Amino acid sequence: MVSKSKLKIRKMKVEDLERVLEIERASFSNPWSRNAFLYEIESDVSYPWVIELEGKIVGYSIHWLIFDEAHLSNIAVDPSLRRRGIGRFILEKVIESVKKKGARFLTLEVRVSNTGAISLYTKMNFKVVGVRKNYYANPVEDAFIMMKNFDE
């Protein structure tokens with residue numbers, strides 16, 4: 001486990017994109033483009049963050065907050081550093097942030113085969129509330145819609 005005190009979270013900047021894209025490409029079979037990340041950095045409803053360990057970007061997340069609804073649109077940790085608490089740290093910070101800003105719930109989509117992520121989300125009290133058929137490409141796969149309700 002990585003000590004939380006060693007992790008720093010901050011707003012994603014354009015200069016971070018080379019490293020963010022390395023992690024994105026290593027993490028997903030259908031990765032986001034540089035332009036997709038640029039759009040998120042410039043959006044008024046998007047919160048793109050990077051997580052640093054000893055000055056090096058080791059993960060990132062992007063969440064949206066629209067009125068009282070929050071959505072986690074992208075999250076990844078460097079594959080060589082997974083299962084060390086970094087993903088949980090990111091998720092805890094997202095939850096803390098959106099709750100402070102008045103969100104009633106946080107939703108996300110996850111590949112039905114991504115058992116590691118589903119396990120983390122379940123431990124953090126997310127529940128499967130639906131399925132999006134053929135949501136993912138390369139390979140085509142369904143997504144679970146998961147939600148953490150803050151009113152419960």
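Note: the structure precedes this text.
A brief look at the structure comes next. Predicted model, so just to flag it, every value in this text is computed and none were measured. (Residues numbered from 1 in each chain as written. Predicted model: local features only at pLDDT ≥ 70, side-chain atom pairs only at ≥ 80, totals over all residues. Heavy atoms only, no water.)

Considering helix α4 (residues 115-123)
Part 1 of the argument: Turning to α4, its buried residues are Ala-117, Ile-118 and Tyr-121. Burial along α4 is one-sided: seen end-on, the buried residues are contained in an arc of 100 degrees. When the buried face of α4 is taken as reference, the exposed residues oriented beyond 90 degrees from it are Thr-115 and Lys-123.
Part 2 of the argument: Structurally, α4 contributes buried residues whose contacts are with β4 (69-77), α3 (86-100), β5 (105-111) and β7 (141-149).
Part 3 of the argument: One or two residues past the end of α4 sits Asn-125, with phi positive at roughly 70 degrees. (Buried < 20%, exposed > 50% of the residue type's maximum accessible area, 1.4 Å probe, protein only. Helix = DSSP H or I, 4+ residues; strand = E, 2+ residues; numbered from the N terminus. Arc of directions from axis to C-beta. Contact = heavy atoms within 4.5 Å.)

Side note on the pairing of β5
Part 1 of the argument: A large share of β5 lies buried, amounting to seven of its seven residues.
Part 2 of the argument: In the sheet, β4 pairs with β5 via four bridges, with the strands oriented parallel. Within β5, the residue paired with Ala-70 across the bridge is Leu-106.
Part 3 of the argument: Regarding the hand of the β-α-β motif, the stretch spanning β4, α3 and β5 is right-handed.
Part 4 of the argument: Both β5 and β7 contribute to a ladder of seven bridges, which runs antiparallel. The residue bridging Arg-111 from the neighbouring strand is Ala-143, located in β7. (Pairing = 2+ DSSP bridges. Right-handed = clockwise from strand over helix to strand, strands pointing away.)

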